[in-house]
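Here's the letter readout for the chains.
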Amino acid sequence: MTTREPKIPGPDHPITIEATGMRVVARVGTHVVADTTRALTLREANYPPVQYIPLDDVDQSLLTDSATQTYCPYKGDASYYGIALAEGGLTDAVWSYREPYDFVAAIAGHVAFYTDQVDVQVGA
């Protein structure tokens with residue numbers, strides 16, 4: 001078994017997490033999947049900012065567990081969800097770090113959406 005060594009964010013790979021401070025709504029078509037004023041914005045290196053929404057502010061009845069798992073050396077193990085809708089579902093459109101590494105612990109209990117599958121609007 002390979003040992004996973006966490007990497008610590010720094011000047012070569014910065015990560016910041018802060019309260020978004022605005023309403024964030026995630027939709028698939030006309031379906032509101034999440035609506036919150038408690039989102040966190042995670043900025044990582046040169047990647048686009050990601051909205052992490054508290055799971056309590058997500059319509060969990062739409063989420064379906066996925067067997068997909070990935071690993072990020074800066075955040076830990078990611079678990080995925082699909083989104084089930086009457087007109088068809090989305091596979092692995094949502095991810096969560098259920099037990100993130102200490103330096104990104106604020107995102108525990110939050111989920112993020114792939115914006116090529118889910119419309120995430122900040123300041124909605």
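Definitions and cut-offs
- Residues numbered from 1 in each chain as written.
- Predicted model: local features only at pLDDT ≥ 70, side-chain atom pairs only at ≥ 80, totals over all residues.
- Heavy atoms only, no water.
- Salt bridge = Lys/Arg side-chain N within 4 Å of Asp/Glu carboxyl O.
- Helix = DSSP H or I, 4+ residues; strand = E, 2+ residues; numbered from the N terminus.
- Buried < 20%, exposed > 50% of the residue type's maximum accessible area, 1.4 Å probe, protein only.
- Pairing = 2+ DSSP bridges.
- Phe/Tyr/Trp six-rings, centres within 6.5 Å; stacked < 30°, edge-to-face > 60°.
- 1 Å grid on protein atoms, 1.4 Å probe; cavity = no way out; pocket = protein on both sides within 12 Å on 5 of 7 lines; lining within 4 Å.
- Points joined across faces, edges and corners; volume = space filled by probe spheres on them.
- Nonpolar A, V, L, I, M, F, W, Y, C, P; charged D, E, K, R; others polar.

Draft legend 1. Spotlight on the pattern of salt bridges. The tally for this structure, following the rule as stated, stands at six salt bridges. One salt bridge connects E18 with R43, and the closest N-O pair in it is separated by 2.9 Å. With a gap of 25 residues between them, E18 in strand β1 (residues 15-19) and R43 in strand β4 (residues 40-44) connect regions that are remote in the sequence. A salt bridge links K75 to E44, with the nearest nitrogen and oxygen atoms 2.6 Å apart. In this pair, K75 is assigned in the loop between β6 (63-72) and β7 (76-83) and E44 in strand β4, connecting sequence segments 31 residues apart.

Draft legend 2. Region of interest: the pairing of strand β8 (residues 90-96). Of all the seven residues making up β8, five are buried; the element is thus mostly covered by neighbouring parts of the structure. Across four bridges, the pairing between β7 and β8 is antiparallel. Its bridge partner lying in β8, Y80 is registered against W95. Counting the residues in the hairpin turn of β7 and β8 gives six residues, including G88, whose phi is positive at 130°. The pairing of β8 with strand β9 (residues 110-113) spans two bridges and is antiparallel. Its bridge partner being in β9, V94 is matched across the sheet by F113.

Draft legend 3. How the structure looks around the environment of T30. Within the element layout of this structure, T30 appears in the loop between β2 (24-28) and β3 (31-36). Residue T30 is classed as exposed on the basis of its relative accessible area of 74%. Sequence-wise, T30 and P6 are 24 residues apart; in three dimensions their C-alpha atoms are separated by 39 Å.

Draft legend 4. Summary view of the packing of aromatic side chains. This model, assessed by the stated rule, comprises five aromatic pairs. Seen from their ring centres, Y52 and W95 are 6.3 Å apart, and the 90° between their planes marks the pair as edge-to-face. Of this pair, Y52 sits in strand β5 (residues 50-54) while W95 is found in strand β8, placing the two residues 43 residues apart along the sequence. W95 shares its class with Y52; the two are buried. Arranged with centres 6.4 Å apart and planes meeting at 80°, the rings of Y71 and Y101 form a pair that is edge-to-face.

Draft legend 5. Layout of the layout of surface pockets. Put simply, the largest pocket is a space of about 530 Å³. Around the largest pocket, the lining is made up of 24 residues, and of these Y47, P48, V50, W95 and Y114 lie nearest the centre. Elements supplying a minimum of two residues to the lining of the largest pocket: β4, β5, β6, β7 and β10 (119-122). Residue classes in the lining of the largest pocket are distributed as 18 nonpolar, four polar and two charged.

Draft legend 6. Region of the structure containing the pairing of β6. Pairing of β6 with β7 involves seven bridges; the strand directions are antiparallel. Bridge assignment links C72 to a residue of β7, and that residue is G76. From the end of β6 to the start of β7, which pair antiparallel, there are three residues.

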